[in-house]
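Tertiary structure, described
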Amino acid sequence: MKCILVTGGAGFIGSHFVEWMLARDSKVRVVNLDALTYAGSLGNLQGVLGHPRHIFLKGDIRDKGMVEEVFNLHQVDQVVNLAAQSHVDRSIQDPSEFVSTNVLGTQVLLDAALKAWRLPGSGPGDRSFREGVRFLQVSTDEVYGAIREGRFTEESPLAPNSPYAASKAGADLLVRAYSQTYGLPVNVTRCSNNYGPRQHPEKLIPRMAELALAGRPLPVYGDGLQVRDWLHVRDHCAALSLVLERGNPGEVYNIGGDNEQTNLEIVGRILRIQGRPRDLVVHVEDRLGHDRRYAVDHGKITRELGWRPTVEFTQGLEETVR
Ligand code: NAD
């Protein structure tokens, strides 16, 4: 039985990923470590809380002693790090929590993975020998910054613009360094905007859906023409599990939905699904340093691992809003 440590597994993507892995592979145990911040909830885990191969632990990834104990106690084979402060607006208000959780928390996990990997005196034939704790860092397309035309590839330079994006880029670079310096088998994935059930209501789609449902004004930043690429959370989970199983160690993989939409288009779609008038939209002062467009090229993961997005956006959004 393989043990996967999923951090942030009570959040939006994490809870879907835990469900995905338990359903996909009957030889997997999932240890789910989440601090249950405002963004995490056991309610997100209703479908898996009593599952015999799922263990939920409330804890903070920055707590070195506890994290090492988890590695030792559960004989962790793979780590999927989804724990993060994830909301750009909050990072603009107070970047410190973002640096602390997203950068330092990742470093604590990397150190624990490295320690578990290099068990003293271990080698093939030794019962305690493990081939290596594989480390998957779940990152974002926002680390590349904004792009006017074309799409970012894995070779594009990192140029994050928000404190959130900078903290994720910092974590990505640490993960790279642990691979280059110590040979830790790592992967980094950089995905575009996710949508789907159970996303926290501070994020664009659930927020706008809630406001529209209540018949209240929908505040749109600036002219609303900022472009984002949207991917259903299930498609993201499918990509993550493939990278975990078959990704080349040390490699970065972009994940995207081939589905660019302006924020105004998204809001218009939500209003149409709910049968609400367009004049509920109000334009408010733009977010500081708001990136105009993100777009990633997912050709590498498609070529190498055969992944592609499957959920059709109109249908996925309608289901999500309903
Ligand atoms: P989320 O905010 O819904 O969930 C984050 C989870 O991490 C929460 O359950 C929270 O309790 C937990 N957490 C926060 N700090 C912690 C700490 N110090 N220790 C342990 N747990 C902690 O976020 P999400 O949207 O599910 O995103 C998950 C990951 O995916 C993040 O790393 C994010 O950067 C990345 N990502 C998200 C998107 C997206 O569109 N949502 C896109 C690409 C990448």
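Residues numbered from 1 in each chain as written. Predicted model: local features only at pLDDT ≥ 70, side-chain atom pairs only at ≥ 80, totals over all residues.

The protein chain has the name dTDP-glucose 4,6-dehydratase in an unreviewed UniProt entry, where Anaerotalea alkaliphila is given as its organism. UniProt, in the comment section headed Catalytic activity (unreviewed entry), describes the protein chain in these words: "dTDP-alpha-D-glucose = dTDP-4-dehydro-6-deoxy-alpha-D-glucose + H2O". The UniProt entry for the protein chain carries the following comment under Sequence similarities (unreviewed entry): "Belongs to the NAD(P)-dependent epimerase/dehydratase family. dTDP-glucose dehydratase subfamily." (UniProt positions renumbered as here; feature names shortened; annotations may be inferred.)

Considering helix H8 (residues 263-273)
Among the residues making up H8, those that are buried are Ile-266, Val-267, Ile-270 and Leu-271. The buried residues of H8 occupy one face: seen down the axis, they fall within an arc of 135 degrees. In this fold, the buried residues of H8 make contact with helix H6 (204-213), strand S8 (218-221), strand S11 (260-262), strand S12 (281-284) and helix H10 (313-321). One or two residues past the end of H8 sits Gly-275, with phi positive at roughly 65 degrees. (Buried ≥ 20, exposed ≤ 12 C-beta atoms within 10 Å, placed from the backbone. Helix = DSSP H or I, 4+ residues; strand = E, 2+ residues; numbered from the N terminus. Arc of directions from axis to C-beta. Contact = placed C-beta atoms within 7 Å.)

A short note on the nonpolar core
Ranked by size, the top nonpolar core spans 68 residues in total, and within it Phe-17, Val-79, Val-80, Ala-113, Phe-135, Leu-240 and Ile-270 carry the most contacts. For this core, the element with the most residues is helix H7 (residues 233-246), which contributes seven residues. Not counting residues up to four positions away in its chain, the partners in contact with Phe-17 are Val-6, Gly-9, Val-80, Leu-82, Cys-237 and Leu-240. (Core = buried A, V, L, I, M, F, W, Y, C linked by C-beta atoms within 7 Å.)

Focus on the sheet that holds S11
Ordered in space as S7-S9-S11, the three strands form an open sheet in which the pairing is mixed. Both outer strands of the open sheet, strand S7 (193-195) and S11, are each paired with one neighbouring strand and no more. Sheet twist, expressed as the average angle between the axes of neighbouring strands with direction ignored, equals 50 degrees. With three bridges joining them, S7 and strand S9 (residues 227-232) adopt parallel strand pairing. (Pairing = 2+ DSSP bridges. Axes fitted to C-alpha atoms, helices over the stretch in contact; angles between N-to-C directions.)

Considering unusual backbone geometry
Excluding glycine, most residues fall at negative phi; most peptide bonds, likewise, are trans. Even without glycine at this site, Leu-36 takes up a positive phi of about 50 degrees. Along the chain, Leu-36 falls in the loop between strand S2 (28-34) and strand S3 (54-58). Phi is positive for Asp-258, close to 50 degrees, though the residue is something other than glycine. Considering the arrangement of structural elements, one finds Asp-258 in the loop between strand S10 (252-255) and S11.

A closer look at the site of the ligand
In the vicinity of the ligand lie 30 residues, with Gly-8, Gly-11, Ala-39, Gly-40 and Ala-84 positioned nearest. For the shell around the ligand, the elements supplying multiple residues, two or more each, are helix H1 (12-24), helix H4 (96-117), strand S5 (134-140) and S7. By residue number, the principal contributor to the shell around the ligand is H1, which donates three residues. Residue composition of the shell around the ligand, grouped by class: twelve nonpolar, 14 polar and four charged. (Near = placed C-beta within 6 Å. Nonpolar A, V, L, I, M, F, W, Y, C, P; charged D, E, K, R; others polar.)

Digging into the pairing of S9
Here S9 lies mainly inside the structure; five of its six residues are buried. Of the pairings in the sheet, the one linking S9 to S11 comprises three bridges and is antiparallel in character. Note that in S11 the partner of Arg-228 across the bridge is Gln-261.

Concerning the sheet that holds strand S4 (residues 78-81)
Pairing within the open sheet is parallel, and its seven strands lie in the order S3-S2-S1-S4-S5-S6-S10. The strands lining the two open edges of the sheet, one partner per strand, are S3 and S10. Neighbour-to-neighbour, the strand axes of the sheet open up by a mean angle of 20 degrees, direction not taken into account. Two elements, S2 and S3, share five bridges in a ladder whose sense is parallel. Bridge pairing links Val-31 to Ile-55 in S3. On top of the sheet, helix H2 (residues 64-74) reaches strand S1 (2-7), S2 and S3; it is set at about 165 degrees to S2, its chief contact.

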